[in-house]
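Residues per chain are reported as follows:
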Amino acid sequence: MDKNFEEEKFTGIAKFIPPLYKQRYQFVKDLVGKYKPKKVADLGCADCTLLCMLKFCSCIEVLAGIDICASVMKEKMHRLSPLPVDYLQPAERSLTVTLHHGSVAHKDPCMLGFDLVTCIELIEHLEESELKKFPEVVFGFMAPSRVVISTPNSEFNPLLPGVRLFRNPDHKFEWTRLQFQSWALETARRYGYAVEFTGVGHPPRGMENVGFCTQIGVFVKKYPLTSASAQSEKHTEAVYKTVFKAVYPSLKDEKYLQNAVVREVTFTAQIIKQKHEEYNDDPSERKSQFQPSVNCFSEDLGKLVVEKSMESFVSGNVVYIPLATIFSFPRVNRLCGTFEKLRKLVAGQVTLSSDGSAVMFITDQEDN
């Protein structure tokens, strides 16, 4: 038997390992990892399971789901909300997740501008009239760079005990590989896409002729979006109803960025201040005391303290740590981008020298 297909000897029930739905979702996740789309829409998102997986992909900044059944989305949509840890440690990327109630047979301007559109086990649920409109909505109106469509391969059905006509009572049709490929190739030709065929759910050994249990078409746009297509937003009225929206805390938001930078600056300066005080407590061991262990804190911060701490200076009982030293810390540098941005973010949040060039900390004792 194939490694992801087994047949239970006593019941005759075919099982896929991992389950077939997980293989489909993993296929999409792998595609996201390969092409790094920033904006992804899942049509027919149902209980939002795929969206819940994709929200952890660091390249994605916009996630949207559409389904005709609002109650199914609402039952699980809480899983798309930010967690407390997302506020404590905001990501460097931005992420907005939105769910819309509506039909994939209708156009809505909120669905423009996506890099990747996924339609996982969707088209077989569409009525004939909806299926006719579907290509124009997805490939003509939305016109993303890539589209992934999966649908059952009816040639595999005889291997699935209990399946007589369709795998799901809500399915309006199930296509053979030839039927799906004919439809996909014509759709690709009409709208300027190339399409490749693959699938998940391998058949048992010796029955490879039936193909994958789930057949998949990956469509890639041949030409960039035209200005005429971009104008379509102005002539289309909104028809979807937004049922959920979550904006994740992000370091691209200056409020969260400022908090993160101030936290990094304060922590870095406190470490240097602490080492300075240890340095003064035992002059006979100044050299060893002033060289902190990298294992005490992050590797980057350790390097900063070791390499840059001597650039700090003391006046009376005040330790001055130059902002330039702190700016050289890779994470602070990456967060701020410019030295001026660092000064702006910490102004009023930490005590600075009169010329604004250094962070000031009072030591526990004055130098002798």
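About the criteria used
- Residues numbered from 1 in each chain as written.
- Predicted model: local features only at pLDDT ≥ 70, side-chain atom pairs only at ≥ 80, totals over all residues.
- Heavy atoms only, no water.
- UniProt positions renumbered as here; feature names shortened; annotations may be inferred.
- Helix = DSSP H or I, 4+ residues; strand = E, 2+ residues; numbered from the N terminus.
- Buried < 20%, exposed > 50% of the residue type's maximum accessible area, 1.4 Å probe, protein only.
- Areas by Shrake-Rupley, 256 points an atom, 1.4 Å probe, with all protein chains shown as cover.
- Pairing = 2+ DSSP bridges.
- Axes fitted to C-alpha atoms, helices over the stretch in contact; angles between N-to-C directions.
- Contact = heavy atoms within 4.5 Å.
- 1 Å grid on protein atoms, 1.4 Å probe; cavity = no way out; pocket = protein on both sides within 12 Å on 5 of 7 lines; lining within 4 Å.
- Points joined across faces, edges and corners; volume = space filled by probe spheres on them.
- Nonpolar A, V, L, I, M, F, W, Y, C, P; charged D, E, K, R; others polar.
- Core = buried A, V, L, I, M, F, W, Y, C linked by side-chain atoms within 4.5 Å.

The chain carries the name Small RNA 2'-O-methyltransferase in an unreviewed UniProt entry, which gives Nestor notabilis as its organism. Taken from UniProt, the Sequence similarities (unreviewed entry) comment for the chain reads in full: "Belongs to the methyltransferase superfamily. HEN1 family."

(A) Spotlight on the overall build of the chain. Of regular secondary structure, the chain possesses 13 helices and 13 strands. A buried classification covers 47% of the 368 residues belonging to the chain. Summed over all atoms, the accessible surface of the chain reaches about 19300 Å², with 52% contributed by carbon and sulfur.

(B) Here's a closer look at the sheet that holds strand 12 (residues 318-322). Within the open sheet, the three strands sit side by side as 11-12-13. Their pairing is antiparallel. Of all strands in the sheet, those with a lone pairing partner are strand 11 (313-315) and strand 13 (358-362), marking the two edges. Within this sheet the neighbouring strands show an average axis-to-axis angle of 30 degrees, counted without direction. Where strand 11 lies against strand 12, three bridges are found, and the strand directions are antiparallel. Pairing of V314 across the sheet is with V319, part of strand 12.

(C) Here's a closer look at the pairing of strand 12. Counting buried positions over the five residues of strand 12 gives five, a clear majority of the element. Burial of the side chains of strand 12 extends over both faces: V318, Y320 and P322 are buried on one face and V319 and I321 on the other. Taking the residues that link successive antiparallel strands as the turn, the strand 11-strand 12 hairpin has two residues, and the phi of G316 there is positive, at about 65 degrees. Both strand 12 and strand 13 contribute to a ladder of five bridges, which runs antiparallel. Among the inter-strand pairings, V319 is bridged to a residue of strand 13, identified as F361.

(D) Just the environment of V262, in detail. Secondary-structure assignment places V262 in helix 8 (residues 254-281). The buried category is assigned to V262, whose relative accessible area is 14%. Along the sequence, V262 and V350 sit 88 residues apart, while their C-alpha atoms lie 7.4 Å from each other. Among all residues touching V262, those that are not within four sequence positions of it are L345, V346, Q349 and V350.

(E) Here's a closer look at the layout of surface pockets. Approximately 700 Å³ is the volume attributed to the largest pocket. As for the largest pocket, its lining consists of 35 residues, of which G44, I120, E121, L122 and H125 are closest to the centre. Elements that contribute at least two residues to the lining of the largest pocket include exactly helix 1 (20-35), helix 2 (49-54) and strand 4 (62-67). Counting residues per element, the lining of the largest pocket draws most heavily on helix 1, at four residues. Grouping the amino acids of the lining of the largest pocket by side-chain chemistry returns 17 nonpolar, seven polar and 11 charged.

(F) Region of interest: empty space enclosed by the protein. Applying the stated criterion across every chain, the model contains one cavity of 30 Å³ or more. Reported here for the largest cavity is a volume of approximately 40 Å³. In terms of lining, the largest cavity is formed by L43, I66, V104, H106, K107, D108, M111, V137, F141, M142 and Y240. The element best represented in the lining of the largest cavity is helix 5 (residues 128-142), accounting for three residues.

(G) Up close: the nonpolar core. Judged by nonpolar contacts, the single largest core of 39 residues is most densely connected at V32, L54, I60, L80, L99 and F244. Going through the elements one at a time, helix 1, helix 2, strand 5 (96-101), strand 6 (116-120), strand 9 (214-221) and strand 10 (241-247) are the ones with two or more residues in this core. For this core, the element with the highest residue contribution is helix 1, accounting for six residues. Setting aside residues no more than four positions away along its own chain, L80 makes contact with C48, L51, C52, K55, V97, L99, F244, A246 and Y248. Within the second largest apolar cluster, 33 residues are counted, among which are V104, L112, M142 and Y191.

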